[in-house]
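Structure assessment
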Amino acid sequence: MALDIKSAIENLKDLRSQQLSTQNNGVGQEAVTLLDELQFPNKKHEEWKYTSFEKVFGAGLTLPNNEILASNSTLELDAYSIELINGKLVRADSISGVSIRERKSVANYDKSQYFNVLNAAFAPSVIEITIAKSVEVDKPILLQNTVAGNQVLGHARIEIIAEENSRCCIVESNVFENGASGYQNRLANIKVERNAFLDHIMIQNYGQKQSALHTTNSSVKTGGNYTNQVATFGGEIIRNELNIALTEPHCECHLNGLYLIGEKSHVDNHTAVDHQQPNCESNEFYKGVMKDSATGVFNGKVFVREDAQQTNAYQQNRNLLLSENATINTKPQLEIWADDVKCSH
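Residues numbered from 1 in each chain as written. Predicted model: local features only at pLDDT ≥ 70, side-chain atom pairs only at ≥ 80, totals over all residues. Heavy atoms only, no water.

1. Quick word on helix α4 (residues 114-122)
- Counting buried positions over the 9 residues of α4 gives 9, a clear majority of the element.
- Taken as a whole, α4 has its buried residues at Y114, F115, N116, V117, L118, N119, A120, A121 and F122.
- Along its buried surface, α4 packs onto α1 (5-20), α2 (26-34), α3 (54-58), β6 (152-162), β8 (182-192) and β10 (210-220). (Buried < 20%, exposed > 50% of the residue type's maximum accessible area, 1.4 Å probe, protein only. Helix = DSSP H or I, 4+ residues; strand = E, 2+ residues; numbered from the N terminus. Contact = heavy atoms within 4.5 Å.)

2. Here we look at the sheet that holds strand β9 (residues 197-204)
- Taken together, 10 strands build an open sheet; the order of strands is β2-β1-β5-β7-β9-β11-β13-β15-β17-β19 and the sheet is mixed. At either margin of the open sheet sits one strand with a lone partner, and together these are β2 (88-92) and β19 (341-344). In this sheet, neighbouring strand axes are inclined to one another by 10 degrees on average, regardless of whether the strands run parallel or antiparallel.
- When strand β7 (residues 167-176) meets β9, the two strands line up parallel, connected through 7 bridges. The residue bridging V171 from the neighbouring strand is I201, located in β9. (Pairing = 2+ DSSP bridges. Axes fitted to C-alpha atoms, helices over the stretch in contact; angles between N-to-C directions.)

3. Details of α1
- Taking 1.5 Å per residue as the helical rise, α1 with its 16 residues ought to reach 22 Å, and the 22 Å between its terminal C-alpha atoms agrees with that figure.
- What α1 keeps buried is the set A8, I9, L12, K13, R16 and L20. In an axial view of α1, the angular spread of the buried residues amounts to 130 degrees, which keeps them on one side of the axis.
- Structurally, α1 contributes buried residues whose contacts are with α2, α3, α4 and β6.
- Two or three places before K6, at the opening of α1, D4 has a side-chain oxygen 3.2 Å from that residue's backbone nitrogen. (Expected span 1.5 Å × (residues − 1). Arc of directions from axis to C-beta. Polar contact = N/O pair within 3.5 Å; in protein donor to acceptor, adjacent residues only side chain to side chain.)

Printed below as a string of structure tokens:
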């Protein structure tokens, strides 16, 4: 029987509070309490006009247990490997110039965003990946998290730091164990330091009873390049939130998305690029093909601050509907406070 959203969240909070009482995790307990002050996002909120996870939570979710299971790798790549189970580090290759460590608690989080707070409350640890200064990793790093258990509320929290003059490609894959149903809330904080290059590829191939929110926050400094490429091939409700801050002059980001979906899949790509300094460049190109009763959403915002003169920003979203019941909602947006810019969508 479906639960109302308030009861569903209260059940999950009670379970998490019991876990935290034995873990001495003050930040997690603080975040659990803070959830009472925030409203679960729904379609009445402008940023969530086309997407809601109320149905997913109302179906009834539970928390993963502490048992470490075998990994469920689905990608065969010539790559280094980092494996997580329910957000916990279970195996990592030794990679020259790359440090990988697991912290037990979240240090800082955005207390105004519901799912950020939810992640701080429920994530079991923080996985920190640092590419050292001037290191060029010779092949991709495959970062995979498996959500183990049925109807589980899974969480993962990742921090990636690309130090000065480093270069790396990270391929991220999130899967559910043996086709189980459930929901995953993954948050990644990424820092691209001066003259560093980070190519971040996200592969999403979920089933019809599998939903996920992927929040990616990235800051880029002078000479830095952050590229995010996401390919989505299914899922019940999938939302990708990308928040990119170009914090120093002469840096860039490139966001590319592909979604090929059918049945009743719903995929929402939600991007925000903040041009804070002059002479920066951003490019966004998202393409989708939808059939059956699938729904796609693209909401792209570009902010150009008053000091961000000579900004070059570009957005494009193209879609192909292969059936009468397929739907696309697309909303490119520009907010410009500078006068010497090239911006288009």
